[in-house]
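# Commentary on secondary and tertiary structure
Now for the letters of each chain:
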Amino acid sequence: MSYALEKWDRLISHTVHPDRRADFCSNPEAVEQLLVQSQSSHDKVRKQMIQQAFSFSKEKAKEMFVQQHQAVLIRLLDKVYQYKQCKGLDETTSKLYSTISIHLEAMLHFIEQYFSRYFSLEERVPISYLNLTKGELCQQLPACRIALQQRHDADEKLIALVCNYIYEFCSDGFLAYTYRDLIYHKELLKHISTLGTNGKVDHVYSALKEVLIYLNFNSPLFIDYFISQIHEELSLLSEKDSKIERLALHQKKIGQMHLKPGFALYSQFPSVRETLLEVLEREIEYLTTIKTKVLATPPGSMVEWPEKETVKDFIMVPFKVPEIYLLNKSFIDAGGAPTETYKSLLGKVGPYMANKNQRGFSPDSLQKGSDKVNPETKENVKRFLQRMIRNIDSYD
């Protein structure tokens, strides 16, 4: 961390702390001097970051340097936000905190723009910016909902599902959303708002459905609703061949749809397209099996209907195998489950865990992950644990 940022940290964490406001609130010159120090810190941090960032020979070192500054600035912004919530603040102190916030926000914006390649979207959004953005989304939502309801292909249940989801995001009071979360919800509202003025009607799916698939809105509620509508279509068809053809049509249509790169409502879940195609494939296999058994059964004999495969509910995690091993091992060694060994814990949780590459892990495969633990694995796990700690600190 740059020396200038350390000085800025001390200024905010100690010098202008609300408990010490008696030292400066009644002295306009002292307040002005504090503002000058904050502005100077902003300028020096900016200059030192540019100089130091390009002194690193390795990209990973540069990334860690940038993200360290990003994390500190977010922490300081949240600290000043908490200062502003203190009761009994006079106008001078309140303006002091507001101006320091502007300096911090400008520095964070500079990092986001100038070092966008290294800016972490997994970092928590500063509370002040999160609340501002949530308020803007809430204001835009009612008009967006009305516009969607006026479309020729309006689906009231789906509109309610999506709009209620956005509304809950805006009003839930949860403060630990990441930049990736915020970007997704802004993009979601932007796209569905545009639909309100677009009269195009697709011959298979509504425009809203296509946008939700494009933005990888992999909400279990949306997927369940999508599948339930397909089942309603199938219930109107009597012939199994017709049902299989209808499922194949959906399979083809969904398979041809594009997803916005890097976008997902839940990044740790499989994509909405992947999940829908998997469900459709199982339905086709089931109907094909029934059709085969009916044809193979002699007239007058009872057909033995196959049972539908029970789908196991997996816990989706964003970790690779070595990271899963390291998390479980450190959890056990820290006393998180005193009656378990890391091997017994892996045996109980492994079969129900999944990542983007695999569903269900055997204890042996997770134990073999210990051979692939390297410094990058440790850094990834530590960054995740640090985010957890910051989230805990933000809870009331």
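Residues numbered from 1 in each chain as written. Predicted model: local features only at pLDDT ≥ 70, side-chain atom pairs only at ≥ 80, totals over all residues. Heavy atoms only, no water.

### Brief notes about the overall build of the protein chain
- A count of helical and extended segments in the protein chain gives 15 helices and two strands.
- Over its C-alpha trace the protein chain gives a radius of gyration of 27 Å, far above what one expects of a compact globule, namely 21 Å for 396 residues.
- Long-range contacts, defined here as pairs at least 24 residues apart, represent 74% of the contacts in the protein chain between residues at least 6 apart.
- Taken as a whole, the protein chain presents about 22,200 Å² of accessible surface, with 53% of it coming from carbon and sulfur.
- Of the side chains in the protein chain, 51 bear a positive and 50 a negative charge, and the two mean positions are spaced by 4 Å. (Helix = DSSP H or I, 4+ residues; strand = E, 2+ residues; numbered from the N terminus. Rg over C-alpha atoms; globule rule 2.2 N^0.38 Å. Contact = heavy atoms within 4.5 Å. Areas by Shrake-Rupley, 256 points an atom, 1.4 Å probe, with all protein chains shown as cover. Lys, Arg positive; Asp, Glu negative; His and termini not counted. Charge placed at Lys NZ, Arg CZ, Asp CG, Glu CD.)

### Brief notes about the pattern of salt bridges
- Taken as a whole and judged by the stated rule, the model has 16 salt bridges.
- In this structure, Lys 62 engages Glu 59 in a salt bridge whose closest nitrogen and oxygen atoms are separated by 3.8 Å. Of this pair, Lys 62 and Glu 59 both sit in helix 3 (residues 59-84), separated by three residues, roughly a single helical turn.
- Classification of Lys 62 by relative accessible area gives buried; the value is 9%.
- You can call Glu 59 partly exposed: its relative accessible area is 37%.
- The partner of Glu 379 in a salt bridge is Lys 382, with the nearest N and O atoms 3.2 Å apart. Within this pair, Glu 379 and its partner Lys 382 are both found in helix 15 (residues 375-394), separated by three residues, close to a single helical turn. (Salt bridge = Lys/Arg side-chain N within 4 Å of Asp/Glu carboxyl O. Buried < 20%, exposed > 50% of the residue type's maximum accessible area, 1.4 Å probe, protein only.)

### Observations regarding unusual backbone geometry
- With a phi close to 55°, Asn 216 is a non-glycine residue in the positive phi region.
- Mapped onto the fold, Asn 216 is located in the loop between helix 8 (207-214) and helix 9 (220-235).

### Things to note about the packing of helix 2 (residues 28-53) against helix 4 (residues 91-114)
- The contact between helix 2 and helix 4 brings their axes to 10 Å, and the two run at 10°. Judged on the interaxial angle alone, helix 4 and helix 2 are roughly parallel. Residue-level inspection shows Val 31, Leu 34, Leu 35, Ser 38, Gln 39, His 42, Val 45, Arg 46, Met 49 and Ile 50 of helix 2 in contact with helix 4, the latter providing Thr 92, Leu 96, Thr 99, Ile 100, His 103, Ala 106, Met 107, Phe 110, Ile 111 and Tyr 114.
- A per-class count over the contact of helix 2 with helix 4 returns 13 nonpolar, six polar and one charged. (Axes fitted to C-alpha atoms, helices over the stretch in contact; angles between N-to-C directions. Parallel < 35°, antiparallel > 145°, perpendicular 65-115°, else oblique. Nonpolar A, V, L, I, M, F, W, Y, C, P; charged D, E, K, R; others polar.)

### Points about the side chain of His 42
- If you trace the backbone, His 42 turns up in helix 2.
- Side-chain polar atoms of His 42 contact the side chain of Asp 43, separated by 2.9 Å.
- If we ignore the near neighbours within four places in the chain, the residues touching His 42 are Trp 8, His 103, Ala 106 and Met 107. (Polar contact = N/O pair within 3.5 Å; in protein donor to acceptor, adjacent residues only side chain to side chain.)

### Thoughts on the environment of Phe 331
- Mapping Phe 331 onto the fold places it in helix 12 (residues 321-333).
- Along the backbone, Phe 331 and Tyr 342 are 11 residues apart, and their C-alpha atoms lie at a distance of 8.3 Å.
- Sequence-distant contacts of Phe 331, defined by excluding residues within four places in its chain, comprise Gly 336, Ala 337 and Leu 345.

### Structural notes on helix 2
- Compared with the 38 Å implied by 1.5 Å per residue over 26 residues, the 37 Å span of helix 2 between its first and last C-alpha is a close match.
- Inspection of helix 2 places Val 31, Leu 34, Leu 35, Ser 38, Ser 41, His 42, Val 45, Met 49 and Ala 53 among the buried residues, and these make up the whole buried set.
- The inward-facing, buried residues of helix 2 contact helix 1 (3-15), helix 3 and helix 4.
- With a side-chain oxygen positioned 3.1 Å from the backbone nitrogen of Glu 29, the residue opening helix 2 is Asn 27. (Expected span 1.5 Å × (residues − 1).)

### So, the packing of aromatic side chains
- Considering all chains together, one arrives at 13 aromatic pairs under this definition.
- Measuring from ring centre to ring centre gives 4.9 Å for Phe 119 and Tyr 179, while their planes differ by 80°; the resulting arrangement is edge-to-face. Here Tyr 179 lies in helix 7 (residues 179-195) and Phe 119 lies in the loop between helix 4 and helix 5 (127-149), a separation of 60 residues in the sequence.
- Note on Phe 119: relative accessible area 8%, which makes it buried.
- On the numbers, 5.8 Å between centres and 40° between planes, the contact of Tyr 184 with Phe 263 is tilted. Of the two residues, Tyr 184 sits in helix 7 while Phe 263 sits in the loop between helix 10 (240-255) and helix 11 (272-296), which places them 79 residues apart along the sequence. The exposure classification of Tyr 184 matches that of Phe 263, with both residues buried.
- Of the aromatic side chains, those joined through ring pairs into one cluster are Tyr 165, Tyr 205, Phe 217, Phe 222 and Phe 226. (Phe/Tyr/Trp six-rings, centres within 6.5 Å; stacked < 30°, edge-to-face > 60°.)

### Quick word on the state of the cysteines
- Enumeration according to the criterion identifies zero disulfides in this entry.
- The thiol of Cys 138 is unpaired, and the distance to the nearest cysteine sulfur, on Cys 170, comes to 3.6 Å.
- As a non-bridged cysteine, Cys 163 has Cys 144 as the owner of its nearest cysteine sulfur, 5.4 Å distant.
- Judged by relative accessible area, Cys 163 falls into the buried class, the value being 1%. (Disulfide = S-S within 2.5 Å.)

### Digging into the side chain of Ser 271
- The topology assignment puts Ser 271 in the loop between helix 10 and helix 11.
- Setting aside chain neighbours within four positions, we find Ser 271 in contact with Asn 216, Asn 218 and Leu 259.

### A short note on a nonpolar patch on the surface
- Taken together, the side chains of Phe 174, Ile 392 and Tyr 395 make up a nonpolar region of the molecular surface, amounting to roughly 300 Å² of accessible area.
- Along the polypeptide, Ile 392 turns up in helix 15.
- With a relative accessible area of 53%, Ile 392 lands in the exposed category. (Patch = residues over 30% accessible without salt bridge, like charges linked within 9 Å, V, L, I, M, F, W, Y side chains within 5 Å.)

Geometry only, nothing functional implied.
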